[in-house]
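Coordinate inspection notes
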Amino acid sequence: MDYNDAIIKYSISKEESILAKLKAEHESAVKDYNKTLKACYAFIPEGMYKAYQVKAQTFDDTEFNKEFSKFLEGLGIEVGTAIVPKWARKLTSAIGVSMATQKTLLTGAESLTKAMSKTMFNKLFMATFIDLFIK
């Protein structure tokens, strides 16, 4: 087989074209999925992350329970005041209240744990809530 015939027979341009098309379809699907996911964060009350930070730093869950109650009300879920702390405790136990980073461990910071970022918290909060109470 001569060189030109081999290039035509074993060309990967067809496969590259198929791969590029599949990649574009995937990126489009992920873009739509991310929009839907971000829309779910609208249900999280504005003060929820701040209340989480307080809980992570001081272990006082009063504000977090209030914000979690607002979250449930926003979803149309009516629960008694006795159940909110139990659900909130279950939720934060599943999420993990605080985290450690290499930087805090290596620099000898005053506190070795810290609150996670708001974006990470929102993702974990919604995923954990769905896992625990919706599924």
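Bear in mind that the values here come from a model prediction, so they are computed numbers and not experimental data.

**A word on the overall build of the chain**
Counting its secondary structure elements, the chain contains 7 helices and 2 strands. Along the chain, helices (α) and strands (β) appear in the sequence α-α-α-α-α-β-α-β-α when read from the amino end. Residues counted as buried form 22% of the 135 residues belonging to the chain. A separation of at least 24 residues holds for 56% of the contacts in the chain among residues at least 6 apart in sequence. Here the chain has roughly 9800 Å² of accessible surface; of this, 58% comes from carbon and sulfur atoms.

**A closer look at the packing of aromatic side chains**
Evaluation of the coordinates by the stated rule reveals 12 aromatic pairs. Where Phe68 meets Phe125, the ring centres are 6.3 Å apart and the plane angle is 85°; that geometry is what we call edge-to-face. With Phe68 in helix 4 (residues 62–75) and Phe125 in helix 7 (residues 118–134), this residue pair connects regions lying 57 residues apart in the sequence. By the burial criterion, Phe68 is buried, and Phe125 matches it. Note on Phe129 and Phe133: the rings are 5.4 Å apart at their centroids and 45° apart in plane angle, and the pair reads as tilted. Residue Phe129 and its partner Phe133 are both found in helix 7; the two are separated by 4 residues, about one turn of the helix.

**Structural notes on the packing of helix 4 against helix 7**
Running from amino to carboxyl end, helix 4 crosses helix 7 at an angle of 65°, the nearest separation of the two axes being 14 Å. Where helix 4 crosses over helix 7, the handedness of that crossing is right-handed. The segment helix 4 lies against helix 7, with Phe64, Phe68, Phe71, Leu72 and Leu75 engaging Phe121, Phe125, Met126, Phe129 and Phe133. Within the contact of helix 4 with helix 7, the residues separate by chemical class into 10 nonpolar, no polar and no charged.

**Considering the pattern of salt bridges**
When the charged atoms of two side chains lie near each other, side chains of opposite charge can form a pair. Taken as a whole and judged by the stated rule, the model has 4 salt bridges. Residues Asp61 and Lys55 are paired through a salt bridge, measuring 3.8 Å at the closest nitrogen-oxygen approach. Judged by relative accessible area, which is 10%, Lys55 ranks as buried. Across the salt bridge formed by Lys66 and Glu63, the nearest N and O atoms sit 3.4 Å from each other. Here Lys66 pairs with Glu63, and both are found in helix 4, just 3 residues apart, close to one helical turn. Its relative accessible area of 47% is what places Lys66 among the partly exposed residues. Glu63 sits in the partly exposed class, given a relative accessible area of 37%.

**Notes on the nonpolar core**
Met48, Tyr52, Phe64, Phe68, Phe71, Phe121 and Phe125 are the most contacted members of the largest nonpolar core, which has 21 residues in total. Looking at this core, the elements that each hand over two or more residues are helix 3 (48–58), helix 4, helix 5 (83–95) and helix 7. Here the element with the most residues in this core is helix 3; it accounts for 5 residues. Once you skip the residues sitting within four places of it in the chain, Phe125 turns out to touch Ile44, Met48, Phe64, Phe68, Phe71, Leu91 and Ile95.

**Considering the confidence of the model for the chain**
Overall, the prediction assigns the chain a mean pLDDT of 82, with 83% of residues at 70 or greater. Within the chain, strand 1 (residues 99–100) has the poorest average pLDDT of any element, 62, and helix 4 the best, 92.

What counts and how
Residues numbered from 1 in each chain as written. Predicted model: local features only at pLDDT ≥ 70, side-chain atom pairs only at ≥ 80, totals over all residues. Heavy atoms only, no water. Helix = DSSP H or I, 4+ residues; strand = E, 2+ residues; numbered from the N terminus. Buried < 20%, exposed > 50% of the residue type's maximum accessible area, 1.4 Å probe, protein only. Contact = heavy atoms within 4.5 Å. Areas by Shrake-Rupley, 256 points an atom, 1.4 Å probe, with all protein chains shown as cover. Phe/Tyr/Trp six-rings, centres within 6.5 Å; stacked < 30°, edge-to-face > 60°. Axes fitted to C-alpha atoms, helices over the stretch in contact; angles between N-to-C directions. Left-handed = near helix turned anticlockwise from the far one by under 90°. Nonpolar A, V, L, I, M, F, W, Y, C, P; charged D, E, K, R; others polar. Salt bridge = Lys/Arg side-chain N within 4 Å of Asp/Glu carboxyl O. Core = buried A, V, L, I, M, F, W, Y, C linked by side-chain atoms within 4.5 Å. pLDDT = per-residue confidence, 0-100.

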